[in-house]
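# Results of the structural survey
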Protein chains: 4
Amino acid sequence: MVLSEKQKSNMIIKRKKILTEAIHLFAEKGFEGTKIQEVAKASGVSFGSVFTYFENKETLFHAAVVEPLKKYEEDILNFNPEEQDLIQELESMIKKQIKIFANSGSYLNLVVFIIAQNKEYKDTFKELDLFNINFRIKLIHLIENGQKKGLLYKQNPTYIATAYTSLLMGLRLNLIDDPSSSMWEELSPFALQLFGPVKLKNEL
Amino acid sequence: MVLSEKQKSNMIIKRKKILTEAIHLFAEKGFEGTKIQEVAKASGVSFGSVFTYFENKETLFHAAVVEPLKKYEEDILNFNPEEQDLIQELESMIKKQIKIFANSGSYLNLVVFIIAQNKEYKDTFKELDLFNINFRIKLIHLIENGQKKGLLYKQNPTYIATAYTSLLMGLRLNLIDDPSSSMWEELSPFALQLFGPVKLKNEL
Amino acid sequence: MVLSEKQKSNMIIKRKKILTEAIHLFAEKGFEGTKIQEVAKASGVSFGSVFTYFENKETLFHAAVVEPLKKYEEDILNFNPEEQDLIQELESMIKKQIKIFANSGSYLNLVVFIIAQNKEYKDTFKELDLFNINFRIKLIHLIENGQKKGLLYKQNPTYIATAYTSLLMGLRLNLIDDPSSSMWEELSPFALQLFGPVKLKNEL
Amino acid sequence: MVLSEKQKSNMIIKRKKILTEAIHLFAEKGFEGTKIQEVAKASGVSFGSVFTYFENKETLFHAAVVEPLKKYEEDILNFNPEEQDLIQELESMIKKQIKIFANSGSYLNLVVFIIAQNKEYKDTFKELDLFNINFRIKLIHLIENGQKKGLLYKQNPTYIATAYTSLLMGLRLNLIDDPSSSMWEELSPFALQLFGPVKLKNEL
DNA sequence: AATGAATGAGAGTTCATTCAT
DNA sequence: TATGAATGAACTCTCATTCAT
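Here the structure is a predicted model, which is why all the values come from computation and not from measurement. Starting afresh in each chain, residues are numbered from 1 along the sequence in its written order. Chains carry letters from A onward and ligands carry numbers from 1 onward, assigned in written order. Per-residue local features are limited, in this predicted model, to residues with pLDDT of at least 70; the limit for side-chain atom pairs, both in listing and counting, is 80 or more; totals at the level of whole chains, interfaces and linings are taken over all residues. To obtain the side-chain values, all non-hydrogen atoms of the structure were included, while hydrogens and water were left out.

Right, let's talk about the relation of the copies chain B and chain A for a bit. Take chain B, turn it by 180°, move it 0.0 Å along the axis, and it overlays chain A with an RMSD of 0.1 Å. Within this description, the copies of the chain are treated as partners about a two-fold rotation axis. Contact criterion: two residues are considered in contact whenever any of their non-hydrogen atoms come within 4.5 Å of each other. Mapped onto chain A, 100% of the interface residues of chain B again fall at the interface, so both copies present the same surface. Superposing copies: least-squares fit, C-alpha atoms only, residues required to have pLDDT of at least 70 in both.

Moving on to the interface of chain C and chain D. For an interface, size is often stated in terms of accessible area lost upon the parts coming together. If you look at the interface, chain C gives 47 residues, while chain D gives 47 residues. Here the buried area means the combined drop in accessible surface, using a 1.4 Å probe, for two parts upon being joined, counting both sides. Across the interface of chain C and chain D, roughly 4000 Å² is buried in total on both sides, 62% from carbon and sulfur atoms. The term salt bridge refers to a side-chain nitrogen of Lys or Arg lying within 4 Å of a carboxyl oxygen of Asp or Glu. Taken together, chain C and chain D are joined by 1 salt bridge. Under the rule applied, a polar contact is a pair of N or O atoms within 3.5 Å (in protein, one hydrogen donor and one hydrogen acceptor; residues adjacent in sequence only if both atoms are side-chain atoms). Seen at the junction of chain C and chain D, the total is 14 residue pairs in polar contact (both at pLDDT 80 or more). The helix and strand labels rest on DSSP assignments: H or I over at least four residues marks a helix, E over at least two residues marks a strand, and numbering proceeds from the N terminus. Residue assignment for the side of chain C that touches chain D shows that the elements contributing at least two residues are helix H1 (5-33), helix H7 (105-116), helix H8 (122-148), helix H9 (157-174), helix H10 (183-186) and helix H11 (188-194) of chain C. In this count, Pro and Cys sit with the nonpolar residues alongside Ala, Val, Leu, Ile, Met, Phe, Trp and Tyr, while Asp, Glu, Lys and Arg are called charged and the others, Gly among them, polar. Of the residues that constitute the side of chain C that touches chain D, the class distribution is 20 nonpolar, 16 polar and 11 charged.

Let's shift gears to the interface of chain B and chain A. Each partner contributes residues to the interface: chain B has 47 residues there, and chain A has 47 residues. Summing both partners gives a buried area of about 4000 Å² for chain B against chain A, and 62% of it is carried by carbon and sulfur. Glutamate 120 of chain A is the partner of lysine 29 of chain B in a salt bridge, and the nearest nitrogen-oxygen pair spans 3.8 Å. For the interface between chain B and chain A, the tally reads 13 residue pairs in polar contact (both at pLDDT 80 or more). Looking at the side of chain B that touches chain A, the elements with two or more residues in it are helix H1 (5-33), helix H7 (105-116), helix H8 (122-148), helix H9 (157-174), helix H10 (183-186) and helix H11 (188-194) of chain B. Per-element accounting of the side of chain B that touches chain A gives the leading share, 13 residues, to H9 of chain B.

This part is about H7 of chain B. The span one expects for a helix is its residue count, reduced by one, times 1.5 Å. Look at H7 of chain B: 16 Å from first C-alpha to last across 12 residues, which is about the 16 Å you get at 1.5 Å a residue. Burial classes follow relative accessibility: with a 1.4 Å probe on protein chains only, a residue under 20% of its type's maximum area counts as buried, one over 50% as exposed, and anything between as partly exposed. Most of H7 of chain B sits out of view: 10 of its 12 residues are buried.

Turning next to helix H2 (residues 36-43) of chain B. All names here are of chain B. For H2, the complete set of buried residues consists of Ile36, Val39, Ala40 and Ser43. When H2 is viewed along its axis, its buried side chains cluster within an angular range of 100° and face the same direction. The inward-facing, buried residues of H2 abut H1, helix H3 (47-53) and helix H4 (57-66). Positioned one or two residues after H2, glycine 44 has a phi angle of 75°, which is positive. It is the directions from the helix axis to the C-beta atoms whose arc is reported.

A word on the packing of H7 of chain C against helix H7 (residues 105-116) of chain D. To get an axis, a line is fitted to the C-alpha atoms, and for a helix only the part in contact is used. The angle between two axes follows their N-to-C directions and goes from 0 to 180 degrees. Where H7 of chain C meets H7 of chain D, the closest approach of the two axes is 10 Å, and the angle between their N-to-C directions is 160°. Between H7 of chain C and H7 of chain D, the angle falls in the class roughly antiparallel. Here the hand of the crossing between H7 of chain C and H7 of chain D comes out left-handed. Residues Asn109, Val112, Phe113 and Ala116 of chain C of H7 of chain C form the contact with H7 of chain D, whose own contacting residues are Asn109, Val112, Phe113 and Ala116 of chain D. Looking at the contact of H7 of chain C with H7 of chain D residue by residue, the classes come out as 6 nonpolar, 2 polar and no charged. Convention used here: angles under 35 degrees read as roughly parallel, angles over 145 as roughly antiparallel, angles from 65 to 115 as roughly perpendicular, and any remaining angle as oblique. Crossing handedness is defined as follows: a turn of the near helix away from the far one that is anticlockwise and smaller than a right angle gives a left-handed crossing, while the clockwise case is right-handed.

This part takes up a negative patch on the surface. Judged by side-chain charge, Glu28 and Glu32 of chain A together with Glu32 and Glu120 of chain B come together as a negatively charged surface patch. Relative to the helices and strands, glutamate 28 of chain A is located in helix H1 (residues 5-33). Given the relative accessible area of 31%, glutamate 28 of chain A is considered partly exposed. Two joining distances apply to patches: 9 Å for like charges and 5 Å for nonpolar side chains (Val, Leu, Ile, Met, Phe, Trp, Tyr), and every residue must have over 30% relative accessible area and no salt bridge. In this description, accessible areas are obtained by the Shrake-Rupley approach with a 1.4 Å probe, and a residue is regarded as covered only by the protein chains that are shown. Counted as positive: Lys and Arg. Counted as negative: Asp and Glu, with His and the chain ends omitted from the count. By convention, the charge on Lys lies at NZ, on Arg at CZ, on Asp at CG and on Glu at CD.

All names here are of chain A. In terms of domain boundaries, chain A breaks down into domain 1 (5-66) and domain 2 (69-203). The start and end points of each domain follow an automatic or database-based domain assignment. Just the C-alpha atoms count here: the centres of domain 1 and domain 2 sit 30 Å apart. The interface is formed by 12 residues belonging to domain 1 together with 13 residues belonging to domain 2. The three residues of domain 1 that bury the most area against domain 2 are Ala27, Val65 and Val66, which together make up 48% of that side's buried surface. The tally of links from domain 1 across to domain 2 stands at 0 salt bridges. Inspection of the region where domain 1 meets domain 2 yields 6 residue pairs in polar contact (both at pLDDT 80 or more). For the side of domain 1 that touches domain 2, the leading source of residues is H1, giving 7 residues.

A few words now on the protein's contact with DNA strand E. Proximity is defined per residue: if any heavy atom of the residue lies within 4 Å of a molecule or strand, that residue is considered near it. Residues in contact with DNA strand E amount to 34 residues; listed here are only the nearest, Lys35 of chain A, Lys14, Phe47 and Ser49 of chain B together with Lys14 of chain D. Within 4 Å of the protein, atoms of DNA strand E come from sugar and phosphate in 68% of cases. Lysine 35 of chain A places a polar side-chain atom, nitrogen or oxygen, 3.3 Å from a phosphate oxygen of DNA strand E. Lysine 57 of chain C places a polar main-chain atom, nitrogen or oxygen, 3.0 Å from a phosphate oxygen of DNA strand E. Breaking the surface near DNA strand E down by element, the ones donating at least two residues are helix H3 (47-53) of chain A, H1 and H3 of chain B, helix H3 (47-53) of chain C together with helix H1 (5-33) and helix H3 (47-53) of chain D.

All names here are of chain B. Among the secondary structure elements, leucine 168 is positioned in helix H9. Residue class for leucine 168 comes out buried when judged on its relative accessible area of 1%. Measuring from C-alpha to C-alpha, the distance between leucine 168 and alanine 191 comes to 8.3 Å, with 23 residues separating the pair along the chain. The contact partners of leucine 168, leaving out residues within four places of it in the chain, are Gln97, Ile98, Phe101, Phe135 and Trp184.

Taken together, 33 residues sit near DNA strand F, with Ser49 of chain A, Phe47 of chain B, Lys14 and Phe47 of chain C together with Lys35 of chain D positioned nearest. Among all atoms of DNA strand F positioned within 4 Å of the protein, those belonging to sugar or phosphate total 69%. Here a phosphate oxygen of DNA strand F and a backbone polar atom of isoleucine 36 of chain B are 3.3 Å apart. Of all the secondary structure elements, the ones that give two or more residues to the surface near DNA strand F are H3 of chain A, H3 of chain B, H1 and H3 of chain C together with H3 of chain D. Counted by class, the surface near DNA strand F contains 13 nonpolar, 14 polar and 6 charged residues.

All names here are of chain A. On the surface, Leu130, Ile133 and Ile137 cluster together into a nonpolar patch covering about 290 Å² of accessible area. Relative to the helices and strands, isoleucine 133 is located in helix H8 (residues 122-148). Overall, the relative accessible area of 38% leaves isoleucine 133 in the partly exposed class.

Quick look at the relation of the copies chain C and chain D now. With an RMSD of 0.1 Å, chain C superimposes on chain D once it is rotated by 180° and translated 0.0 Å along the axis. Most of the interface of chain C is mirrored in chain D, where 100% of its interface residues again form contacts.

Residue and element names in this part refer to chain D. In contact at an axis separation of 10 Å, helix H4 (residues 57-66) and helix H8 (residues 122-148) are set at 10° when each is read in the N-to-C sense. Comparing their axes, H8 and H4 come out roughly parallel. In this structure, H4 uses His62, Val65 and Val66 to contact H8, whose residues at the interface are Asp123, Thr124, Glu127 and Leu128. Looking at the contact of H4 with H8 residue by residue, the classes come out as 3 nonpolar, 2 polar and 2 charged.

Glancing now at the arrangement of the chains. Across all C-alpha pairs, the smallest distance from chain A to chain C is 11 Å, and the two are not in contact. Considering only C-alpha positions, the minimal separation of the non-contacting chain A and chain D is 33 Å.

Residues and elements named next belong to chain A. Secondary-structure assignment places arginine 172 in helix H9 (residues 157-174). For arginine 172, a relative accessible area of 3% translates into the label buried. Among residues more than four places away in sequence, those in contact with arginine 172 are Phe101, Ala102, Ser104, Gly105, Leu108 and Trp184.

Written as structure tokens, this is what we have:
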């Protein structure tokens, strides 16, 4: 049977809906704690349909973690480590990334699960780790440029990158029960400090 | 009395053993992913015995999270916010706490679970949150003293405390698959920076 | 609609079958003594299917007791307390009811369980009690009419009704291991005697 | 080790206590519904002790049903079928037996269980049946004497005996949730009627 | 004799997955 | 493609029974 365009687009929408609800539920209840039936109900389809779009629960889980990753990577890596005004770029990057972390509660919760259970979900974790490595590499690139230009104190760039990404992730956990926290935006100066800018903001 | 002292002490040891194994398994696989049978096998008892010591799986889980908390709280809060040489005390505190976070992989993993699933484990989360609040209060106390004495830049102490505890937690997640990382001890200067010491180490 | 008519009717038949087998088994072994697995096997379905039709064992038990009640009530209460020829109606009623009691071994056995364990199965017992009350009320109505007409000796109608229903129930227990007993039909004169007919049969 | 007299008598008392509580609990909850732990607690002994006195749960159950039987038999069969004033003896017998049935709620409840589950508890049921047969034989003896003397109408004595014992048992079930019912004593005239006395009470 | 920790068979129940409709 | 009845593996938990103390 041939599917009409309308049917195809309908299926794409439905698949997307299932995935979105799956992310929410997996993030809230974990893999074992989430029932296919719940995902189906939240998505407005029969639980049989979930199996039409995803081979089984594991596939759905993997997709829920991995598929949004591309968009995140794009957003998170959207900064230029070669920028002329590096401090300006650094500040803007931090603000953007903090905003992303502040607004991606559910998904990052799911990420936390994978990290915490990395031994259980090796393959899925590997993909997150890849993203993390890319992120770190680009950060290090930026830091090295800043240090070369004398805009940042000389410190091990790897440590800085680790501290910074840890801070972001830690904030996500710390502010988890207060999703609309106003604290997020106030914390960028502290993130900036980690990079060791030669002229501290409050010194200017 | 019917149980001999020897029997009683045996029981205490057995209970402890079950709890230790439960922490490891819950940390690795989460609540639903951990089977009582596994805990029993890892503890070297029959699964029936697990129910001799813990009413049910939930009770065991709660105990696994909450019982170690006291010792952690004691260790983590073991610093003096009124100390004369405050910078010295701050540095030593950070080093101690980083060491604790570096060496408590399993347990902190479990803590991460509870935080990530705080809506599912409200009661258990509440106890962790209480600990967190106490920790923050004591940190703020120390920070305020440092600022009064002119040893730390004036910055919102709450933000500093949040950033610092977030950094610790974030590092735990970031270094999760590399438990013996040498990075831990190298990161205390970055943690120190968050507190805004007037004389930076590398300036001395 | 997704289920065809055929499927629906199949489900109704299957549910009925499960219930019938459940009645037999509960009657023979009691609630705790009956295993869901046995009910499933006797009904020719997987034990999982039992849970498709009945939420849990208790629901199944309750249904096994309560659902047949309506039909019984209808049959048992099928007499006219205002009938002109009251003695005739009384005799025919007794014969009918004795026949019902003689032929409903399993179900009445189940009823006996509920009565014996009325404290354990309060809700279920309440429904049986309601039936019993209705039965008694209608009997009393008939007895009072008979006494007014001078066809029955004046005796407390409540006592008569109690004695009569007790006799029926007691016979059920007494003849339990001999279900095809020829005694049943011979006992209606004794039941009749309880009502105190002015002209005893053997006097005519 | 030799047991002192005091110890021996203590054990006898303890065994009795366990049996009494077992009767109550088995009567209320049935065999499977009663837990050894409950019996122990109700008896004020450890559950281990129950196994000191009764080999296992089945033995305890059997004993709970069978051991009181002797005393009951003695009380129930305490009438003289050869008595001169037979009607007087009959009336007094009925009154005595009704009193016994009125006051033996728990035990008779247990008896009902065995009867209802006679296929499950064949051996235990057999002993009850034996008692029943003895009871019937003695009743028939009395009835035949009464009929010979012209004090009772000629009716099949077996039917009378069956109707009478059924009435007793049925009353036990009918009045189960109202143990102190005043109805019991009012019902002996109806029981008497079943025997077919030539001069009915209310004719005298 | 008395106790109760230890055991594990066996129960009810859940839920991913299959498949006929 | 969409549905949901059917299945049974696998889980938690109960409880009779054993046995060391």
